[in-house]
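# Chain and residue survey
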Amino acid sequence: MTTPASPATQTCTDHRIIVTGCDSTYFVLVAELVASIRAYRPTPIGVIDCGMTPDQRATLHAQGIRVLPPFIPDYAPRRALRRRPSLGINISKLWLDRMLPEFDLILWLDADTWVQDGMAVERLFAAARSGTLAIVPEIGAKRADLLGVRWICPGWMQIRSFLYKNAARARLPFSIRRRIGAKPLLNAGVFCLHRQAPIWPVLRRWQALILPRRNMAFTQDQLCMALAVYIDGLPVTFLDNSHNYLGPWLLDEATGQLANLFFPHAPVGIVHMASQKAMRAALDNTMPVPTVQGGQVALNLRYGAMRLCRAAAVG
């Protein structure tokens, strides 16, 4: 019997796929994400369907994109899923190795992301090949204050970090909350894993503990990743924030591309429009964005709008 190769022995011939998920509302964003991926190379793409219309599914099939049903374990909160079926996307993230057994490397990109520089995708795949979790910690320009603190009185303060609050909501012991409370959030909007990475069963062990608890379906994926890394010590490779860029936003007028706030203002690799509800909803919704050259422009961050911006700069 042939023994499967370990992640460390895999080569650049690994079968790879990029996966996302959406309902009918987010379909337009997924269509733009697909276009941004295919602008740099033909890569297999899968979309988890949690409420798309038949026409939307047909559109994806016509482009050779896999449409996948969500993977919902028995312990998932059925009432919450009936109210909000798209929660199945976050739950399914921790089961991608089971959902896609024919692929070696699996890169997850949230529906509200898009690829500006294809090299960011290549680096995520390369980082995950050895079996580590390739992910971006939320530190840097967006999070100047790594730890949210509310001072109660001199000498007393309350920790207000995302991980601490969510661990408390999940009713995890204080010993665990204390160990992860000051750690950076691992943003689950962009991550890459090898199918044989040792972290998968650990993620699901935490999910089985956390998911049945009230109101945890939306945030359990990020909390499970943090617990697997910070508590269980599973291997992780951190990539810089250009691989999952949440802002602050900066435009290079010379190239028409979004640039990293930090000098020398290299192009952002993967744009993540988290918390940008208005712009996600319509291309004509804009926000003021400073430029590398010292000016300011009204900009929509979506791929459809930025493609026009780049064409104007190049042309």
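Here, the structure is the one placed above.
Everything numeric here is computed off the predicted structure, so don't read it as measured data.

The buried fraction of helix H10 (residues 220-230) amounts to 11 of the 11 residues, a majority that puts the element mostly inside the structure. Residues Gln-220, Asp-221, Gln-222, Leu-223, Cys-224, Met-225, Ala-226, Leu-227, Ala-228, Val-229 and Tyr-230 constitute the buried set of H10.

Once that is clear, we can look at the packing of helix H9 (residues 199-210) against H10. Running from N to C, H9 and H10 cross one another at 125°; their axes reach a closest spacing of 9 Å. Judged by the inter-axis angle, H9 sits oblique to H10. Crossing angle aside, the handedness with which H9 passes H10 is right-handed. The residues of H10 that touch H9, namely those facing Ile-199, Val-202, Leu-203, Trp-206, Gln-207 and Ile-210, are Gln-220, Leu-223, Cys-224, Met-225, Leu-227, Ala-228 and Val-229. Grouping the amino acids of the contact of H9 with H10 by side-chain chemistry returns 11 nonpolar, two polar and no charged.

On to the pairing of strand S15 (residues 296-299). As defined by bridge partners, strand S14 (residues 287-290) adjoins S15 across four bridges and the pair is classed as antiparallel. In the sheet register, Pro-288 faces S15, and the bridge partner there is Ala-298. Hairpin geometry of S14 and S15 is characterised by an intervening segment of five residues between the two adjacent antiparallel strands and by a positive phi of about 100° at Gly-294.

Our focus in this paragraph is the side chain of Glu-138. One can find Glu-138 in the loop between strand S6 (133-137) and strand S7 (149-153). Residue classification places Glu-138 among the buried positions, given a relative accessible area of 14%.

Attention now moves to the state of the cysteines. What the rule picks out here adds up to zero disulfides. Cysteine Cys-22 shares no disulfide, and the gap to the nearest cysteine sulfur, in Cys-50, comes to 8.7 Å. For Cys-22, a relative accessible area of 1% corresponds to the buried category.

Residue Pro-248 follows Gly-247 across a cis peptide bond; omega there is 0°. Within the element layout of this structure, Pro-248 appears in the loop between strand S10 (236-238) and strand S11 (251-252). Put simply, Phe-263 and Pro-264 share a cis peptide bond, and its omega is 15°. In this fold, Pro-264 is placed in the loop between strand S12 (257-258) and strand S13 (270-272). Phi angles above zero are rare outside glycine, and Arg-171 is one such case at about 60°.

With that out of the way, let us pick up the packing of helix H7 (residues 162-169) against H10. Close contact between H7 and H10 brings their axes to 10 Å; oriented N to C, the two are set at 100°. Classified by the interaxial angle, the pair formed by H7 and H10 is roughly perpendicular. Along the contact surface, H7 presents Phe-162, Leu-163, Asn-166 and Ala-167, while H10 presents Gln-222, Leu-223, Ala-226 and Tyr-230. By residue class, the composition of the contact of H7 with H10 is six nonpolar, two polar and no charged.

All right, on to the sheet that holds S10 then. Spatially, S3-S2-S1-S4-S9-S6-S10 is the arrangement adopted by the seven strands of the open sheet, whose pairing is mixed. Strand pairing shows two members of the sheet lacking a second neighbour, strand S3 (66-68) and S10, which therefore form its edges. Across this sheet, the average inter-strand angle for adjacent strands is 25°, counted without regard to direction. Pairing analysis gives three bridges linking strand S2 (residues 45-49) to S3, with the strands arranged parallel. Within S3, the residue paired with Gly-46 across the bridge is Arg-66.

A few words on the pattern of salt bridges. As enumerated under the stated definition, the model contains 11 salt bridges in all. One salt bridge in this structure joins Arg-41 and Glu-122, with 3.0 Å as the shortest N-O distance. Within this pair, whereas Arg-41 is found in the loop between helix H1 (27-38) and S2, its partner Glu-122 is found in helix H6 (residues 118-128), the two being separated by 81 residues in sequence. Arg-205 is the partner of Asp-232 in a salt bridge, and the nearest nitrogen-oxygen pair spans 3.1 Å. Taken as a pair, Asp-232 in the loop between H10 and S10 and Arg-205 in helix H9 lie far apart in primary sequence, 27 residues in all. Judged by relative accessible area, which is 45%, Arg-205 ranks as partly exposed. Linked through salt bridges whose partners overlap, the residues forming this network are Arg-16, Arg-41 and Glu-122.

This next bit is on the side chain of Asn-187. Positionally, Asn-187 belongs in strand S9 (residues 186-194). A polar atom in the side chain of Asn-187 sits 2.5 Å from the side chain of Glu-138. A distance of 2.8 Å separates a polar atom in the side chain of Asn-187 from the backbone nitrogen of Gly-189. The contact partners of Asn-187, leaving out residues within four places of it in the chain, are Ile-135, Val-136, Glu-138, Gln-222, Asn-244, Leu-246 and His-272.

On to the packing of aromatic side chains, then. According to the stated counting rule, one finds three aromatic pairs in the structure shown. Here the aromatic rings of Phe-71 and Trp-95 are separated by 4.4 Å at their centres, their planes lie at 15°, and the arrangement is stacked. Linking Phe-71 in the loop between S3 and helix H3 (78-83) with Trp-95 in the loop between helix H4 (87-92) and helix H5 (96-99), this pair joins segments that are 24 residues apart in sequence. Judged by relative accessible area, which is 9%, Trp-95 ranks as buried. Ring plane angle 70° and centroid distance 5.5 Å describe the contact between Tyr-245 and Trp-249, whose orientation is recorded as edge-to-face.

Each value, and the rule that gives it
- Residues numbered from 1 in each chain as written.
- Predicted model: local features only at pLDDT ≥ 70, side-chain atom pairs only at ≥ 80, totals over all residues.
- Heavy atoms only, no water.
- Buried < 20%, exposed > 50% of the residue type's maximum accessible area, 1.4 Å probe, protein only.
- Helix = DSSP H or I, 4+ residues; strand = E, 2+ residues; numbered from the N terminus.
- Axes fitted to C-alpha atoms, helices over the stretch in contact; angles between N-to-C directions.
- Parallel < 35°, antiparallel > 145°, perpendicular 65-115°, else oblique.
- Left-handed = near helix turned anticlockwise from the far one by under 90°.
- Contact = heavy atoms within 4.5 Å.
- Nonpolar A, V, L, I, M, F, W, Y, C, P; charged D, E, K, R; others polar.
- Pairing = 2+ DSSP bridges.
- Disulfide = S-S within 2.5 Å.
- Salt bridge = Lys/Arg side-chain N within 4 Å of Asp/Glu carboxyl O.
- Polar contact = N/O pair within 3.5 Å; in protein donor to acceptor, adjacent residues only side chain to side chain.
- Phe/Tyr/Trp six-rings, centres within 6.5 Å; stacked < 30°, edge-to-face > 60°.

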